[in-house]
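Results of the structural survey
Residue-level listing of the chains:
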Amino acid sequence: MAVTSTNGKRFNPLSLDALNFLLADVRGALGPYLNVFLVTQQHWSQTEVGLVTTIGGLLGLAVQTPIGAAIDETRAKRGVIVLALAVLGIGAAVIFAWPSFWPVAIANSLMAIVGDVFGPAVAGLTLGLYARKQLARRMGRNSAFDHAGNVAIAVVAAAVGYAFSQRAVFLLVPVFAVLAGIAVLSIPAKAIDLDRARDLDQDGRSAGPAGYDILFNTRPLVIFGLCVMLFHLANAALLPLVGQKLAAEFPEEATAMMSACIVAAQTIMLPIALLVGHTADSWGRKPLFLAGFAILPVRAVLYTFSDNSFWLIGVQLLDGVGAGIFGALTPLVIADIMRGTGRYNLALGAVATMQGIGASLSGLAAGVTVDHLGYSAAFLALGAAAAVALIVFALGMPETAEPETAPLQS
């Protein structure tokens, strides 16, 4: 079922589907399991684990924006993804073979850096393959296959860990990395419009790409970045806090409950992403995003109503709605804002940096609040941050849909 790309070449959209699905498998086969493996199987101290993850997190945060700029500039966008996959596969193999401090620290740091490649690179490929009028549905479909991959790897990793060992889970990374490399290389290089892939369309080609100061001079992008930071400041710590409460009540079943919670939320994200892709042009971006922002403070407050495990898990499912909207719409809104500038991936990297800052501060703020005031106060504080994000977005963020796709205004 090949289709025609923006520059008249044929490609199979199933290749992009497979790439999104498999990249979720590559990332998901390592992240959630590394800390548990190092503490329970290798008997690392919490300080050693924290040091390794902090180093990797800070390095990943520091290079997100420069990597976005580099992806804008390169013409070998498929090659960048293949190189990043190779580093991930080798890094996971090193952790499997030598799970001591320095090999794990170096491998995890390199993997954190190359992990920043996939989001902007896949979004750029999508932009270079699809016409503007097809972009909303395609971005929603990308997000849906990403969530499906997260569900699949949670099931596969659980099966491998049960049948073999926690350590064996890391060998899934090179396997899925090879499959993802095959998927990206099955997209013909000539089918990718490299100008459109950086959001430098026909209107902007004569002038060339904008300068880097566009990150600070584009008001909607600045507002959106601030809202993204506030959203993740409120959201990132909610699931860990719920996990802590579940573990306190059911210490033996805590891991199973957390896994079920993650899988259920990801399953909800999948149809939400498809719905967003089908309605983003007709309804507009802003109403959908407002719904995603509005769910977050409601969810935070609902956690304070009961400590019952079924209640906590049920409320956590709302994360599937908010995160589903957020994941599908973010690359689309940035494509709207940066249209014609040639700095699409630079902007994606900058927004991802703001997201990382918010998520990093979230855990610290929640931990301090729990220690001094308890869980309910932490949930309410995070809900307040979510409410601020909602207000800022509602008052400051314009509708970014293009006139030909924006909903009619009364």
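Structure shown above.
Residues numbered from 1 in each chain as written. Predicted model: local features only at pLDDT ≥ 70, side-chain atom pairs only at ≥ 80, totals over all residues. Heavy atoms only, no water.

What follows deals with the environment of Asn150. With respect to the helices and strands, Asn150 occurs in helix H6 (residues 135-163). By relative accessible area, Asn150 is classed as partly exposed at 21%. Contacts of Asn150, omitting those with residues within four sequence positions, involve Ala24 and Gln266. (Helix = DSSP H or I, 4+ residues; strand = E, 2+ residues; numbered from the N terminus. Buried < 20%, exposed > 50% of the residue type's maximum accessible area, 1.4 Å probe, protein only. Contact = heavy atoms within 4.5 Å.)

Inspection of every chain in the model, using the stated rule, returns 11 aromatic pairs. Considering the side-chain rings of Phe289 and Phe326, the 5.6 Å spacing of their centres and the 85° angle between planes classify their relative orientation as edge-to-face. Of this pair, Phe289 sits in helix H12 (residues 285-302) while Phe326 sits in helix H14 (residues 318-337), and the two are 37 residues apart along the sequence. Here Phe289 matches Phe326 in class, with each residue buried. Within the aromatic cluster, the residues linked to one another by ring pairs are Phe224, Phe231, Phe289, Phe293, Phe326 and Phe393. It is Arg167 that lies over the ring of Phe96; its NZ or CZ is 5.3 Å from the centre. In this structure, Arg343 packs its charged tip against the face of Tyr212, placed 4.5 Å from the ring centre. (Phe/Tyr/Trp six-rings, centres within 6.5 Å; stacked < 30°, edge-to-face > 60°. Lys NZ or Arg CZ within 6 Å of the ring centre and 35° of its normal.)

Below, the discussion takes up the nonpolar core. Counting 60 residues, the largest nonpolar core has Phe224, Phe289, Phe293, Leu329, Ile334 and Tyr344 as the members making the most contacts within it. Setting aside residues no more than four positions away along its own chain, Leu329 makes contact with Val276, Ala280, Arg285, Leu288 and Phe289. Ranked by size, the runner-up nonpolar core spans 52 residues in total, among them Val114, Leu129, Ile153 and Ile187. (Core = buried A, V, L, I, M, F, W, Y, C linked by side-chain atoms within 4.5 Å.)

Distances and angles like these do not, on their own, reveal function.
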